[in-house]
Amino acid sequence: MPPITALLHTTNDALRLGRALETLLPCAEIIIVDHHSADATRRIARDYGARIVTADSQAAAHHYPNLASHDWIFCIEPAESITEALQASLFEWSALPSQSVLDSGTGGLAFSVFMREQAGERWLHSPKQETRLIPRGWPRWQGRLPAHEPSATALEGELLRFALP
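Everything quoted here is computed from the prediction, not taken from an experiment.

### Topic: helix H3 (residues 84-94)
Item 1. Those residues of H3 that sit buried are Leu86, Gln87, Ser89, Leu90, Trp93 and Ser94. All buried residues of H3 lie within an arc of 160° about the axis, which places them on one face of the element. Along H3, exposed side chains directed more than 90 degrees from the buried face belong to Glu84 and Glu92.

### Overview of the environment of proline 150
Item 1. Here proline 150 is to be found in the loop between strand E9 (145-146) and strand E10 (153-161).
Item 2. The spatial distance from the C-alpha of proline 150 to the C-alpha of proline 127 is 13 Å, given a sequence separation of 23 residues.

### A short note on the sheet that holds strand E6 (residues 111-119)
Strand pairing in a sheet is mediated by backbone hydrogen bonds. Such pairs are either parallel or antiparallel.
Item 1. In spatial order, the strands read E3-E2-E1-E4-E7-E6-E10-E5; together these eight strands make up an open sheet with mixed pairing. The sheet terminates laterally at strand E3 (51-54) and strand E5 (80-82), the two strands that pair on one side only. When strand polarity is set aside, the average angle formed by the axes of neighbouring strands in this sheet is 30°.
Item 2. Summarising the sheet, strand E1 (residues 4-10) and strand E2 (residues 29-34) pair through six bridges and their orientation is parallel. Bridge pairing in E2 links threonine 5 to glutamate 29.
Item 3. Against the sheet, H3 makes contact with E1, strand E4 (72-75), E5, E6, strand E7 (122-135) and E10, and its axis sits at roughly 140° relative to E10, the strand it touches most.

### Brief notes about unusual backbone geometry
Item 1. Of note in the backbone geometry, asparagine 12 takes a positive phi value of approximately 50° without being a glycine.
Item 2. By the element assignment, asparagine 12 lies in the loop between E1 and helix H1 (14-22).
Item 3. Classification of asparagine 12 as partly exposed rests on a relative accessible area of 40%.
Item 4. The backbone of histidine 36 sits at a positive phi, close to 60°, despite the residue not being glycine.

### Some words on the pattern of salt bridges
Item 1. Throughout the structure, instances matching the rule amount to 12 salt bridges.
Item 2. Residue aspartate 47 is joined to arginine 43 by a salt bridge in which the shortest nitrogen-to-oxygen separation is 3.1 Å. Placement of the pair is aspartate 47 and arginine 43 together in helix H2 (residues 41-47), with a separation of four residues, close to one helical turn.
Item 3. Residue classification places arginine 43 among the partly exposed residues on the basis of a relative accessible area of 45%.
Item 4. Several salt bridges share partner residues, and in doing so they unite Glu80, Glu117, Glu130, Arg132 and Arg161 into one network.

### Quick look at the nonpolar core
Item 1. Counting residues in hydrophobic clusters, the biggest one holds 27 residues, and the most contacted among them are Leu8, Leu24, Phe74 and Leu133.
Item 2. Elements with a contribution of two residues or more to this core: E1, H1, E2, H2, E4, H3, E6 and E10.
Item 3. With four residues, the single largest contributor to this core is H1.
Item 4. Grouped together as the second largest cluster of nonpolar side chains are 16 residues, Ala61, Tyr64, Ile134 and Trp141 included.

Cut-offs applied
Every chain's residues receive numbers from 1 upward, in the order its sequence appears when written. Per-residue local features of the predicted model are confined to residues with pLDDT of at least 70, and side-chain atom pairs are confined, for both listing and counting, to 80 or more; whole-chain, interface and lining totals are unaffected and use all residues. Side-chain calculation: all heavy atoms of the structure are included, whereas hydrogens and water are not. Note on exposure labels: buried denotes an accessible area under 20% of the residue type's maximum, exposed denotes more than 50%, and partly exposed covers the range between, all computed with a 1.4 Å probe on protein chains only. Helix and strand definitions follow DSSP, with helices as H or I runs of at least four residues and strands as E runs of at least two, each counted in order from the N terminus. What the arc describes is the spread of directions from the helix axis to the C-beta atoms. Note: two strands are recorded as paired if DSSP finds a minimum of 2 bridges between them. Throughout, an axis means a line fitted to C-alpha atoms (over the contacting stretch in the case of helices), and angles, computed between N-to-C directions, take values from 0 to 180 degrees. The criterion used for residue contact is that any of the two residues' heavy atoms lie within 4.5 Å. Throughout this description, the term salt bridge denotes a Lys or Arg side-chain nitrogen within 4 Å of a carboxyl oxygen of Asp or Glu. Think of a nonpolar core as a cluster: buried Ala, Val, Leu, Ile, Met, Phe, Trp, Tyr and Cys residues, connected wherever their side-chain atoms sit within 4.5 Å.

So, to be careful, I would describe these as geometric facts and stop short of saying anything about function.
And the structure:
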């Protein structure tokens, strides 16, 4: 069973962080990389049992997954949350034997999710998948999130991105 570590980067996200953390039930560990928040972000993270790491201005994004206790990292932003269908997919995925999710290629498989983004009172479905579940040694990053991997397998369910807290 491959347990999952959730990884979030925060900066003054107190108004929306709780919503994201509430949906991370399939994750055995939550790491918050806090970029010097001046609001209640760190307190909220502690309330949800997250491990808080202060961001190092010299560290690249690929450094932080190395702090995880588990080999699989689910990257999410504070303005996002996962649907119940995606929660179910992650629970099912983490129940698979470790051998069945490993790849003999460079660093293992990657998994992607579909995104729904809030636009006023509507939700827009993005046809593009985003790579979010990666092995700890994932080498390619785009900012604070994994770079897109075209061969990534899509998980059932969606990631919701909220426009407002």
